[in-house]
Amino acid sequence: MDADGRWQILRLHVEDQIPLAALARDSGIGLRTLERWHARYRAAGFEGLRSRPRADAGGHHLPAELVTLIEGLGLTKPRPSIAAIHRAVAKVCAAERWPVPSYSVVWSIIRGLDPGMVTLALEGAASYRDKYELALRRAAD
C-alpha cells in the first residue's frame, strides 16, 4: 500500500476522531500497524507514510575475499557460465567455512562488474581502445 492509501485509512482517525481499534476492525489492518502509521504521521507528516527502502538494500554480507574471487572468476577468459562460477565458489566456501552465496548473488556480482573492465579482460586492449577511447587517433603518413 502506498502513502495515499495509508492516509485514506489514517485520515479517519486524524480528522474524524474514529478510534484506531475501530479502524483496525473495519479495515482488516492490524492495530499495531495503524499505531505505527500514526506515529510516523505525527513525526514526519505525510512523508512519514511513504515506504522507505531497506537500509541494507543493494549490499552483500559476504567476505571481501569471496567477492574478489567471484569477480576474478567472472573476468577469466574464456568466461565460464554463472552456474560454473557458482559451483567453484561453493567448493571454496566449503573449504574456507564461508557462507555459500546464492546463484542470484553470484549473478548480481558478475553483472555489477564495470563493462570496460570486462571488455579489457575478455576481449583485449585493442577492443577496449575501440569501444572506450574518447578521441580517435590516426597516424599521419
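Read on for an overview of the structure.

Conventions used here
Residues numbered from 1 in each chain as written. Predicted model: local features only at pLDDT ≥ 70, side-chain atom pairs only at ≥ 80, totals over all residues. Heavy atoms only, no water. Helix = DSSP H or I, 4+ residues; strand = E, 2+ residues; numbered from the N terminus. Rg over C-alpha atoms; globule rule 2.2 N^0.38 Å. Buried < 20%, exposed > 50% of the residue type's maximum accessible area, 1.4 Å probe, protein only. Contact = heavy atoms within 4.5 Å. Phe/Tyr/Trp six-rings, centres within 6.5 Å; stacked < 30°, edge-to-face > 60°. Arc of directions from axis to C-beta.

### Let's talk about the overall build of the protein chain
Part 1: Secondary structure summary: the protein chain contains eight helices and zero strands in total.
Part 2: Its helices and strands taken in sequence order, the protein chain reads α-α-α-α-α-α-α-α from the N to the C terminus.
Part 3: Over its C-alpha atoms the protein chain spans a radius of gyration of 26 Å, topping by over 25% the 14 Å that the globule rule assigns to 141 residues.
Part 4: Oriented by its inertia axes, the alpha-carbon framework of the protein chain measures out at about 85 × 50 × 20 Å.
Part 5: Looking at the protein chain residue by residue over its 141 residues, the buried ones come to 26%.
Part 6: Within the protein chain, contacts between residues at least 6 apart in sequence are counted, and of these 50% link residues at least 24 apart.

### Remarks on the packing of aromatic side chains
Part 1: Counted according to the given criterion, the structure contains two aromatic pairs.
Part 2: The interplanar angle of 35 degrees and the centroid separation of 5.2 Å between the aromatic rings of Tyr-128 and Tyr-132 together place this pair among those described as tilted. On the criterion of helical spacing, the pair formed by Tyr-128 and Tyr-132 is a turn pair, its members being four residues apart in helix H8 (residues 125–132).
Part 3: Taking the relative accessible area as the measure of exposure, Tyr-132 reaches 37% and is therefore partly exposed.

### Re helix H7 (residues 115–123)
Part 1: Residues Gly-116, Val-118, Thr-119 and Leu-122 constitute the buried set of H7. In a view along the axis of H7, the buried residues occupy a sector of 160 degrees, so they form one face of it.
Part 2: Residues of H7 that are buried sit in contact with H8.
Part 3: In the stretch just after H7, Gly-124 is the one whose phi turns positive, near 100 degrees.

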